[in-house]
Every structure is written in structure tokens, then in C-alpha cells.
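So you can see what is in the structure, the chains are spelled out below.
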Amino acid sequence: MGAQSEESTIFLLDAVLENLEVSEVKNLGEKLATPTPLPRGQYEATPERLEKRIFKAVGSAIGDYNMIEEGDKIMVAVSGGKDSWVMLHVLNELRKKAPVNFEIMAVNLDQGYEGFETRKIEEYLEAQGIAFHMAFKDINSIVREKNQDEALWCSLCSRLRRGSLYGLATEL
């Protein structure tokens, strides 16, 4: 796991903060500076502890279910949200230490929503040395056209996004 980048630390810290009470967040700096022993089975909410638990859980799942084999190519859809960033980070770090060789490729699908910035995603992936593909599919316009009453917005958007990603997986 070694040294973390500033971005990965921010994402992991975000995840930790979401699980803390308001009073704990106010005292987080003090808590991290002076850790106190916790009863057995409880964990201190620190980015390092969270990262260790995530790595262990993902590594166990991969091993238990033979999810990754020699020569596999894994596409990780990166939306810009915390979940996809954490998954990409974990797989990239595990790839460096895994007993089998596998490749990862980050894929971002710009769905045509105003203000979505792919530049930040590209810069991060380039800085990390992670192979990536940026795609555009104007899902926003399709959903607006087909869904005039906005009753099925999420399910339609989700199906179109998934279909686009499945298509990209076969192309790449």
C-alpha cells in the first residue's frame, strides 16, 4: 500500500468522515494525533485503517472466488464518484503485488450532462500511470427525449449507461 497520493487520501478520508458522528468530525485532528486503545474488535476510524480493511476484503474476495486470473484485462468504469475511485485504486495497488499478471483500464463515460469535467479524471489517471479510455455517449439527450414525464429517469439512464459500458468492454 505504501505512500498514498493526495487524491487517494482525500477519497479515503471522505469515506471515513461519512461514517463519523458530527462530534467525532470536530475532533478528528485530535483523534488522529493521539490515538487511544479501543476494545478488541473495534477499529479506529483512520484512512490507513480503512484502506487496510478495504484491501483485505477485496483481496479475500478475489482469492476466494478466483475473480482474477493470469492475463486478465479488467475494465474499471470510473464515474468520478468515490466508489469507482476506491475500486480503481485498490485494483491498481493489488495489481502491483498480485501473484498473477493482469491489466486494468479505467473507462470514463461522459453522458452529456452539462458541467461534467473529464479533464480532472484524465489528469489523475495520467499522473497514476493507469491506462484509460474516455468515451462520450449523449445519454442525457436520449433520456430527455424518451422520458418526457421524467418518471423513469434513473432506470432508463442506468440501462443506457450499462449498455454503453458493455459495448466498450467488448471493443477495448
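Residues numbered from 1 in each chain as written. Predicted model: local features only at pLDDT ≥ 70, side-chain atom pairs only at ≥ 80, totals over all residues. Heavy atoms only, no water.

Novice: I tried to follow the packing of aromatic side chains on my own but got confused; where do I start?
Specialist: Geometry of an aromatic ring pair is reported as the spacing of the ring centres plus the angle between the planes. Evaluated as defined, the whole model comprises 1 aromatic pair. With centroids separated by 4.8 Å and ring planes inclined at 80°, the aromatic side chains of Trp-85 and Tyr-124 adopt a geometry described as edge-to-face. A residue pair is termed long-range when its members are at least 10 positions apart, and Trp-85 in helix H5 (residues 82-97) and Tyr-124 in helix H6 (residues 118-128) qualify at 39 residues. Relative accessible area serves as the criterion here: at 10%, Tyr-124 is assigned to the buried category. (Phe/Tyr/Trp six-rings, centres within 6.5 Å; stacked < 30°, edge-to-face > 60°. Helix = DSSP H or I, 4+ residues; strand = E, 2+ residues; numbered from the N terminus. Buried < 20%, exposed > 50% of the residue type's maximum accessible area, 1.4 Å probe, protein only.)

Novice: Hey, could you run me through the packing of helix H4 (residues 47-64) against H5 in this one?
Specialist: Helix-helix packing is described using two parameters, namely the angle between the two axes and the distance between the axes. H5 packs onto H4 with a crossing angle of 70° between their chain directions and a minimal axis gap of 10 Å. Viewed along their axes, H4 and H5 adopt a mutual orientation that is roughly perpendicular. Taken as a pair, H4 and H5 cross one another with a handedness that is right-handed. Taken together, the residues of H5 that come into contact with H4 (itself represented by Glu-51, Ile-54, Phe-55, Val-58, Gly-59 and Ile-62) are Val-86, His-89, Val-90, Leu-91, Glu-93 and Leu-94. (Axes fitted to C-alpha atoms, helices over the stretch in contact; angles between N-to-C directions. Parallel < 35°, antiparallel > 145°, perpendicular 65-115°, else oblique. Left-handed = near helix turned anticlockwise from the far one by under 90°. Contact = heavy atoms within 4.5 Å.)

Novice: Sorry if this is basic, but what is going on with the sheet that holds strand S1 (residues 73-77) here?
Specialist: Across a sheet, paired strands are connected by hydrogen bonds in the backbone, their directions being either parallel or antiparallel. Spatially, 3 strands are ordered S1-S2-S3 in an open sheet, and the strand pairing comes out parallel. At either end of the open sheet lies a strand with only one pairing partner, and these are S1 and strand S3 (132-136). With direction set aside, neighbouring strand axes in the sheet form an average angle of 25°. (Pairing = 2+ DSSP bridges.)

Novice: What should I look at first to understand the side chain of Asn-108 in this one?
Specialist: If you trace the backbone, Asn-108 turns up in strand S2 (residues 103-110). Among the polar contacts made by the side chain of Asn-108, one reaches the main-chain carbonyl oxygen of Val-78 at a distance of 2.7 Å. What Asn-108 contacts, discounting residues up to four positions off in sequence, is Val-78, Ser-79, Phe-116, Thr-118, Ile-121, His-133, Met-134 and Ala-135. (Polar contact = N/O pair within 3.5 Å; in protein donor to acceptor, adjacent residues only side chain to side chain.)

Novice: How should I be thinking about the environment of Lys-146 in this particular structure?
Specialist: In this structure, Lys-146 sits in helix H7 (residues 139-146). Lys-146 sits 10 residues away from Leu-156 along the chain, and the two C-alpha atoms are 8.9 Å apart.

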